[in-house]
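Okay, here's what each chain looks like letter by letter:
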Amino acid sequence: MRLLRFLVLYAGLGLVSNPATADVGQLMSLAQGDLAKIRFHMDPRPVEAPSFQDANGKAVSLDDYRGKYVLLNFWALWCAPCREEMPALDRLDAAIPGNFEVVTVATGRNSKQAVDKFFSEKNLTNLPKLYDKSFALAQAMGVLGLPGSVFIGPDGKEVARVQGELVWDSPQAQALVRAWMAGS
């Protein structure tokens, strides 16, 4: 039964031409389980966000990711659901090569040493170590709780967001991301 649901979901997502302009209701009706928490916008929203920092303190901007499909994830070491979903985000990033990138941003007080230790313990090799110590990026993006994730298209506009943890490396989540990318 589970395989049948996946095949229906996968086939249905292939019919969606562009999630930014497609029937959002149809797209969301295809998302089952925890993926139903994702909220696609009827129209892509402009993103104006302050810079944040990489592990060396260098300024990073969302403009650095222009031209790519980005899953921007806000997390923190003190957030148990965040810690739980990070390995799945790492696997999602590895599973979808090319023009897709998972961009993880440690929000609030997260020491570089503790983040390094966490990445090492969880064997996170595909995700960047980025920091939003002052919550400026999270606040500008309207992220009210952690974990929070925002889908940003190659044009730099927000197309969807989700509050809370998801199983990002599931076949259904991978199919959803691929369909989003194929439809733009």
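Residues numbered from 1 in each chain as written. Predicted model: local features only at pLDDT ≥ 70, side-chain atom pairs only at ≥ 80, totals over all residues. Heavy atoms only, no water.

## With respect to the pattern of salt bridges
Applicable threshold: When a carboxyl oxygen of Asp or Glu lies within 4 Å of a side-chain nitrogen of Lys or Arg, that pair is called a salt bridge. Secondary structure follows DSSP: runs of H or I at least 4 residues long count as helices, runs of E at least 2 residues long count as strands, and numbering of each begins at the N terminus.
All chains considered together, the criterion is met by seven salt bridges. A salt bridge links Lys68 to Glu101, with the shortest nitrogen-to-oxygen separation between them at 2.9 Å. Here Lys68 is found in the loop between β3 (59-60) and β4 (69-75), whereas its partner Glu101 is found in strand β5 (residues 100-107), with 33 residues between them in sequence. The partner of Lys112 in a salt bridge is Asp116, with the nearest N and O atoms 3.0 Å apart.

## Thoughts on the packing of aromatic side chains
Counted only if it meets this: Classification of ring pairs rests on two measures: the distance between centres of Phe, Tyr or Trp rings, Trp counted by its six-membered ring, which must be within 6.5 Å, and the angle between planes, read as stacked under 30 degrees, edge-to-face over 60 and tilted in between. Summary of the burial criterion: residues with accessible area below 20% of their type's maximum are buried, those above 50% are exposed, and those between are partly exposed, where the area comes from a 1.4 Å probe applied to protein chains only. As a reminder, the over-ring test applies to NZ of lysine and CZ of arginine, requiring each to be within 6 Å of the ring centre and within 35 degrees of the ring normal.
This model, assessed by the stated rule, comprises seven aromatic pairs. Seen in terms of ring centroids, Phe40 and Phe151 are 5.9 Å apart; in terms of plane orientation they differ by 40°. Their pairing is tilted. One end of the pair, Phe40, is in strand β1 (residues 39-45); the other, Phe151, is in strand β7 (residues 148-152), and 111 residues separate them in sequence. No difference in accessibility class separates Phe40 from Phe151, as the two residues are buried. With 5.1 Å between their ring centres and 85° between their planes, Tyr69 and Trp180 make a pair best called edge-to-face. Taken together, the positions of Tyr69 in strand β4 and Trp180 in helix α6 (residues 171-183) put the pair 111 residues apart, joining distant regions of the chain. The pair Tyr69 / Trp180 is uniform in exposure class, with both members buried. Aromatic ring contacts, followed pair by pair, group Phe40, Tyr69, Phe151, Trp168 and Trp180 into a single cluster. Here Lys133 stacks its cationic end above the ring of Tyr131, 5.7 Å away from the centre of that ring.

## Things to note about the nonpolar core
Generally speaking, a soluble globular protein has its nonpolar side chains buried in company with each other. Rule in force here: Grouping buried Ala, Val, Leu, Ile, Met, Phe, Trp, Tyr and Cys residues that are joined through side-chain atoms within 4.5 Å yields what is termed a nonpolar core. Contact between two residues is taken to exist if any of their heavy atoms lie within 4.5 Å; hydrogens are not considered.
With 35 residues, the main nonpolar core has Ile38, Trp75, Phe100, Phe151 and Trp168 as its most contacted residues. Elements that contribute at least two residues to this core include exactly β4, α3 (80-95), β5, α4 (112-121), β8 (158-163) and α6. Other than its neighbours up to four places away in sequence, Trp168 contacts Leu71, Glu85, Ala88, Leu89, Leu92, Ser149, Phe151, Val162, Ala173 and Gln174. Within the second largest apolar cluster, 17 residues are counted, among which are Val60, Leu62, Leu72 and Val143.

## A few points about the environment of Val159
Its place among the elements puts Val159 in strand β8. Assessed through its relative accessible area of 7%, Val159 is described here as buried. Sequence spacing of Val159 and Pro44 is 115 residues, and the spatial spacing of their C-alpha atoms is 4.7 Å.

## Overview of the sheet that holds β4
Put simply, the rule is: The pairing criterion is simple: DSSP has to find at least two bridges between the two strands.
One open sheet accounts for eight strands, arranged β1-β8-β7-β4-β5-β6-β2-β3; its pairing is mixed. Looking along the sheet, the strands with just one partner apiece sit at the ends: β1 and β3. Pairing between β5 and strand β6 (residues 130-132): three bridges, direction parallel. By the bridge assignment for β6, Thr107 is matched with Asp132.

## Examining the environment of Phe151
What makes Phe151 buried here is its relative accessible area of 1%. In the structure, Phe151 is positioned 26 residues away from Val177 in sequence and 9.3 Å away in space, judged by C-alpha atoms. Those residues within four positions of Phe151 in sequence are excluded, and the remaining contacts are Ile38, Val70, Leu71, Lys157, Glu158, Val159, Ala160, Arg161, Trp168, Val177 and Trp180.

## Considerations on the pairing of β4
We apply this condition: A clockwise course of the path from the first strand over the helix to the second, judged with the strands pointing away from the viewer, identifies a crossover as right-handed.
Within β4, seven of the seven residues are buried, leaving the element largely enclosed by the surrounding structure. Both β4 and β5 contribute to a ladder of seven bridges, which runs parallel. If you follow Tyr69 over to β5, its bridge partner there is Phe100. Of the crossover connections in this fold, the one passing from β4 over α3 to the parallel β5 is right-handed. With five bridges joining them, β4 and β7 adopt antiparallel strand pairing. Residue Phe74 lies in a different strand from β7, and its bridge partner there is Gly148.

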